[in-house]
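# Geometric and topological summary
What follows is the residue order along each chain.
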Amino acid sequence: MKKFLISIPIIILIMGFSLFNRQSKEEKFWNWVSKNKVELENFINSDQEDYTIYNQLTREMKKYNSVLFPEMTLTEKDEVVLIITPDGMPEGVLPTEKLYDSKPELNNWIIKKFRQATDEIGLNYDGIEYPSSDIEIIPELDKERGKINIRVFIRNMNSDTKRHQALSFLYLDHILGEYNTIVGFPFL
């Protein structure tokens, strides 16, 4: 009987401690980023031969949501830019928003949700590279369905269409903005 009475307070104490110590998935991710901030900065400022910390960042983001993906770059002022992207997947829109909305302030970091619309860019995907000026986008209004269809023409596209198509989707994300590419534009 005495053993039973002693173990009940211990179980209650352990359960109570775990309830107070619970972190949301967002907090776990951002705590990991904060803890590894310097190492991530060293990676993005380096010649990027060792991707260990970036691969860890990718795994941590995938733990949060399997379709999300981190992209990192530097601004001209050497600020670290972390982009949370669902990599074009519609089911990643809400998790991207939720993770972004819970972001902490990190000194010298800019955190963005979705790939942002930009003007002239040059991307490289799996060894394929061409400037955005080689892309022509022709919109076609489909009034019946309430949508805009687009045709994408790429100058000098060779026979490796799969990689060119993947790169063209990345360009759409950067030219139109990833969010707009995923959910579409509302009609006026």
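Look up a bit, the structure's there.
Analysis parameters
- Residues numbered from 1 in each chain as written.
- Predicted model: local features only at pLDDT ≥ 70, side-chain atom pairs only at ≥ 80, totals over all residues.
- Heavy atoms only, no water.
- Helix = DSSP H or I, 4+ residues; strand = E, 2+ residues; numbered from the N terminus.
- Buried < 20%, exposed > 50% of the residue type's maximum accessible area, 1.4 Å probe, protein only.
- Contact = heavy atoms within 4.5 Å.
- Salt bridge = Lys/Arg side-chain N within 4 Å of Asp/Glu carboxyl O.
- Patch = residues over 30% accessible without salt bridge, like charges linked within 9 Å, V, L, I, M, F, W, Y side chains within 5 Å.
- Areas by Shrake-Rupley, 256 points an atom, 1.4 Å probe, with all protein chains shown as cover.

In terms of regular secondary structure, the chain is built from seven helices and seven strands. Moving toward the C terminus, one meets the helices and strands of the chain in the order α-α-α-α-β-β-α-β-β-β-β-β-α-α. Sorting the 188 residues of the chain into buried and exposed places 32% on the buried side. Across the chain, contacts joining residues at least 24 apart in sequence account for 55% of those joining residues at least 6 apart.

This part takes up the pattern of salt bridges. If charged atoms from side chains of opposite charge come close, those side chains can pair. On inspection of all chains with the given rule, the structure shows nine salt bridges. In this structure, Lys 37 and Glu 41 form a salt bridge, with 2.7 Å as the shortest nitrogen-oxygen distance. Of the two residues, Lys 37 and Glu 41 both sit in helix 3 (residues 37-44), four residues apart, roughly one turn of that helix. Between Lys 63 and Glu 60 there is a salt bridge, and its shortest N-O distance comes to 3.1 Å. Highlighted residues: Lys 63 and Glu 60, both in helix 4 (residues 52-64), separated by three residues, approximately one helical turn.

What follows is about a nonpolar patch on the surface. On the surface, Leu 141, Ile 148, Ile 150 and Val 152 cluster together into a nonpolar patch covering about 320 Å² of accessible area. For the nonpolar patch, the leading source of residues is strand 7 (residues 147-154), giving three residues. Inspection of the secondary structure assignment puts Leu 141 in strand 6 (residues 135-142).

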